[in-house]
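# Descriptive analysis of the structure
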Amino acid sequence: MARRVLKFASLAAATTGIYVYGNKFLDPNDFGVVRVGRAIATVHLRSAERLRELCCANRGTFIKVGQHLGALDYLLPEEYTRTLKVLHSQAPQSTRQEIEQVIREDLGKEPEHVGGEPVLKVEKKQAVSQRTLDCRTLPLQRLSHCSGSSNAGPIKELFASFEDTPLGAASLAQVHKAVLQDGRTVAVKVQHPKVQAQSSKDILLMEVLLLVVKQIFPDFEFMWLVEEAKKNLPLELDFLNEGRNAEKVAHMLKDFDFLKVPRIYWELSTRRVLLMEFMEGGQVNDRAYMKRNGINVNEISRNLGKLYSEMIFVNGFVHCDPHPGNVLVKKCPASGKAHIILLDHGLYQVLSESFRMDYCCLWQALIKADMKRVQKYSQRLGAGDLYPLFACMLTARSWESVNRGIDQAPVSASEDVEIRSNAAAYLPQITQLLNNVPRQMLLLLKTNDLLRGIESALHTRASASSFLNMSRCCIRAVSTYQKSKSRSLYRRAQISLTEALSLWQINLYEVFLWLKGSRLGNWVIGLLSRMHHSTH
């Protein structure tokens, strides 16, 4: 424990390098401007690399926090976010022996006889949820005869084959491809050993040491990060909760035929081991993979936007970890359609109705460039007088672009540089905002940044179709809410008519954009233009 405290003290010291980002410890008058910029960038990079190494050394909770920091593009210097993003795909792996130990403890128990039939007994402390209570005792013919003895590995008993090299390793678990004795190919998600036991101690250490850092640097407001870890980590460590989330979102979005969510095999799942249907594909940010497999990049970006607009604005149940390793794409050989495969359902945010409505109205105002309503709904969401900064954080656009309309022009390289430069100047205000907004907003900001990263990789950021899909979902969500609060049949009919007209306008505008971008549309526009000139 003492060694771990010392490690984390070093980690806290490394994170204080972020403080340089928003405070002028160096006087530019003493150096050339370029030398100052290079010096600060070097400090950031060195501190970020130390932070990454210390996260990997401490593993578990620390990697999870490092991943969260890597998604804070609106807050941290690029050196930090770029360096910490690798934790999504390069987390430390557990050994085969450690994985086998967890499987043995959770699944590999002595067979008992119930009603004259051999069954697998699952340890009570890892018992499944009420929903799967009847699956705690299963005929062993489905699993093979598992003895749980020290000289018979549970992996060999449960699986016909099990790949030693994981498909992916994350902060809390890693996933292996395997084949059950009955021939089903599955993905086996196994929690790293000791993560559960160590997580509460790690969070306590973070809290104490960040309080110490705050005493030294009063503007260092990162306690919200600890609060989020306290709330979310226990849920992410419960794989049965993850399985329930997967089933819920699959049912909730069943009308999207392009969405695939792996089926959960409850009979072989516990709080630390999750067996699910094996699905494979290329990562959603891999343009080369999509080109090789004839997948339309714009279609994938558009469908991903539809999924998240539906989750956020309509249902208020949001998958909050859409980094590229958790979102795969694959072309179905039978239908030729491109599928989006959504993985890792441990981290979801449930939005309250009042929050969801305010958030819908805020995005409608942002898309329409209605500054009065932007101010109104930003303040209702806790931004106060910092609503311009909040609007910029939410959209990742400059205040000039927000005023002009975020759908009017794509994001330029110079605008990206401007946003990062301004983040340095407004670090205290940004941290103040993060402390003031509802906790529900924090994971949404992270989710927005991860989705923007995917759009940037696909070169589809700030496309008109994404804003149109958002507008549709916002209109539907607000109309549904208004109808639920109205007792008048006339009023409900009026709301439905307004909704239909608004959606019709969006559809008409979408057709116009399609014609404008198509060869046929260009030909028609050219023909009309020539006819117009000939009449004059």
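Quick notes on the rules
Residues numbered from 1 in each chain as written. Predicted model: local features only at pLDDT ≥ 70, side-chain atom pairs only at ≥ 80, totals over all residues. Heavy atoms only, no water. UniProt positions renumbered as here; feature names shortened; annotations may be inferred. Helix = DSSP H or I, 4+ residues; strand = E, 2+ residues; numbered from the N terminus. Buried < 20%, exposed > 50% of the residue type's maximum accessible area, 1.4 Å probe, protein only. Contact = heavy atoms within 4.5 Å. Areas by Shrake-Rupley, 256 points an atom, 1.4 Å probe, with all protein chains shown as cover. pLDDT = per-residue confidence, 0-100. Patch = residues over 30% accessible without salt bridge, like charges linked within 9 Å, V, L, I, M, F, W, Y side chains within 5 Å. Salt bridge = Lys/Arg side-chain N within 4 Å of Asp/Glu carboxyl O. Axes fitted to C-alpha atoms, helices over the stretch in contact; angles between N-to-C directions. Parallel < 35°, antiparallel > 145°, perpendicular 65-115°, else oblique. Left-handed = near helix turned anticlockwise from the far one by under 90°. Nonpolar A, V, L, I, M, F, W, Y, C, P; charged D, E, K, R; others polar. 1 Å grid on protein atoms, 1.4 Å probe; cavity = no way out; pocket = protein on both sides within 12 Å on 5 of 7 lines; lining within 4 Å. Points joined across faces, edges and corners; volume = space filled by probe spheres on them. Core = buried A, V, L, I, M, F, W, Y, C linked by side-chain atoms within 4.5 Å. Pairing = 2+ DSSP bridges. Arc of directions from axis to C-beta. Disulfide = S-S within 2.5 Å.

For the chain, an unreviewed UniProt entry supplies the name AarF domain-containing protein kinase 1 and the organism Apteryx owenii. Per UniProt, the comment on the chain under Sequence similarities (unreviewed entry) is "Belongs to the protein kinase superfamily. ADCK protein kinase family."

## Looking at the overall build of the chain
Helices and strands together make up the secondary structure of the chain, namely 22 helices and 14 strands. Residues counted as buried form 50% of the 536 residues belonging to the chain. Summarising the internal contacts of the chain: among those between residues at least 6 apart in sequence, 69% fall at separations of at least 24. Summing over all exposed atoms, the chain offers an accessible surface of approximately 25900 Å²; the carbon and sulfur share of this is 54%.

## Describing the confidence of the model for the chain
Low-confidence regions, as indicated by low pLDDT, have predicted coordinates that should not be scrutinised in detail. On average, the chain scores 79 in pLDDT, and the residues at 70 or more come to 78%. Low confidence marks residues 18-37, where pLDDT is under 50. Its contacts with residues over four positions away, or in another chain, come to 23 contacts. Below pLDDT 50 for its whole length, residues 109-152 participates in 77 contacts with residues either more than four positions away or in separate chains.

## What about a nonpolar patch on the surface?
A contiguous nonpolar surface patch, about 360 Å² in accessible area, is contributed by Leu204, Val208, Val212 and Ile216. One can find Val208 in helix α8 (residues 195-216).

## Description of the packing of helix α4 (residues 61-70) against helix α9 (residues 223-236)
One can describe the packing of α4 onto α9 by two numbers: an axis separation of 11 Å at closest approach and a directional angle of 120°. With respect to each other, α4 and α9 are oriented oblique. The interaxial crossing formed by α4 with α9 has right-handed handedness. Between α4, through Thr61, Lys64, Val65, His68 and Leu69, and α9, the contact on the second element is made entirely by Trp224, Leu225, Leu233 and Glu236. For the contact of α4 with α9, the residue count by class is 5 nonpolar, 2 polar and 2 charged.

## Considerations on empty space enclosed by the protein
By the definition in use, this model includes 5 cavities of 30 Å³ or more. Put simply, the largest cavity is a space of about 420 Å³. Trp363, Asn448, Arg452, Glu455 and Met470 are, among the 23 residues lining the largest cavity, the residues nearest its centre. Elements with a contribution of two residues or more to the lining of the largest cavity: α12 (297-315), α13 (353-368), α15 (387-395), α19 (439-458) and α20 (464-485). Here the lining of the largest cavity gets 7 residues from one element, more than from any other, and that element is α12.

## Brief notes about the nonpolar core
One finds Tyr359 and Trp363 to be the most contacted residues of the largest nonpolar core, which totals 105 residues. In contact with Trp363, not counting residues within four places along its chain, are Phe313, Leu394, Thr395, Ile406, Phe467, Met470 and Cys474. In this structure, Val102, Ile103, Leu107 and Leu180 belong to the second largest nonpolar core, which totals 17 residues.

## Section: the packing of α9 against α19
Following both chains from N to C, one finds α9 and α19 inclined at 95°, their axes separated by 11 Å at the closest point. The angle between α9 and α19 places the two elements in the roughly perpendicular class. Contacts between α9 and α19 pair Trp224, Glu227, Glu228, Lys231 and Asn232 from the former with Arg439, Leu442 and Leu443 from the latter. Of the residues that constitute the contact of α9 with α19, the class distribution is 3 nonpolar, 1 polar and 4 charged.

## As for the layout of surface pockets
Here the second largest pocket defines a volume of roughly 770 Å³. Around the second largest pocket, the lining comprises 33 residues; the ones closest to its centre are Gly168, Val175, Gly325, Asn326 and Leu343. Of all elements in the fold, only α4, β5 (168-169), β6 (173-180), β7 (185-191), α10 (239-252) and β9 (273-277) reach the threshold of two or more residues within the lining of the second largest pocket. Element by element, the count of residues in the lining of the second largest pocket is highest for β6, at 3 residues.

## Points about the sheet that holds strand β10 (residues 282-283)
Overall, mixed pairing links the 4 strands, which are arranged β8-β13-β12-β10 in an open sheet. The open sheet has two free edges, formed respectively by β8 (259-260) and β10, since each of these has just one partner strand. Direction of pairing for β10 relative to strand β12 (residues 327-331): antiparallel, over a ladder of 2 bridges. Note that in β12 the partner of Gly282 across the bridge is Val329. Here α12 sits on the sheet and contacts β8, β12 and β13 (338-342); the angle it forms with β13, its principal contact strand, is near 45°.

## What to know about unusual backbone geometry
Positive phi values are uncommon outside glycine, yet Ala369 reaches one of about 60°. Tracing the backbone shows Ala369 in the loop between α13 and α14 (371-380). Look at Ala396: it is not a glycine, yet its phi comes out positive at around 55°. Judged by relative accessible area, which is 13%, Ala396 ranks as buried.

## Here we look at α14
All buried positions along α14 are accounted for by Val374, Tyr377 and Ser378. Taken down its axis, α14 places every buried residue within 105° of arc, on the same side. Exposed residues on α14 whose side chains face more than 90 degrees from its buried face are Lys372 and Arg380. Buried positions along α14 lie against α13 and α15. Phi turns positive one or two residues past the end of α14, at Gly382, with a value near 95°.

## A few points about the state of the cysteines
Think of a disulfide as a covalent bridge from one cysteine sulfur atom to another cysteine sulfur atom. Under the definition given, this model contains 0 disulfides. Looking at Cys473, it has no disulfide partner, and the nearest cysteine sulfur is the one in Cys474, 7.1 Å off. Cysteine Cys474 is unpaired, with the sulfur of Cys360 as its nearest cysteine sulfur at 4.3 Å. Overall, Cys474 belongs to the buried group, its relative accessible area being 0%.

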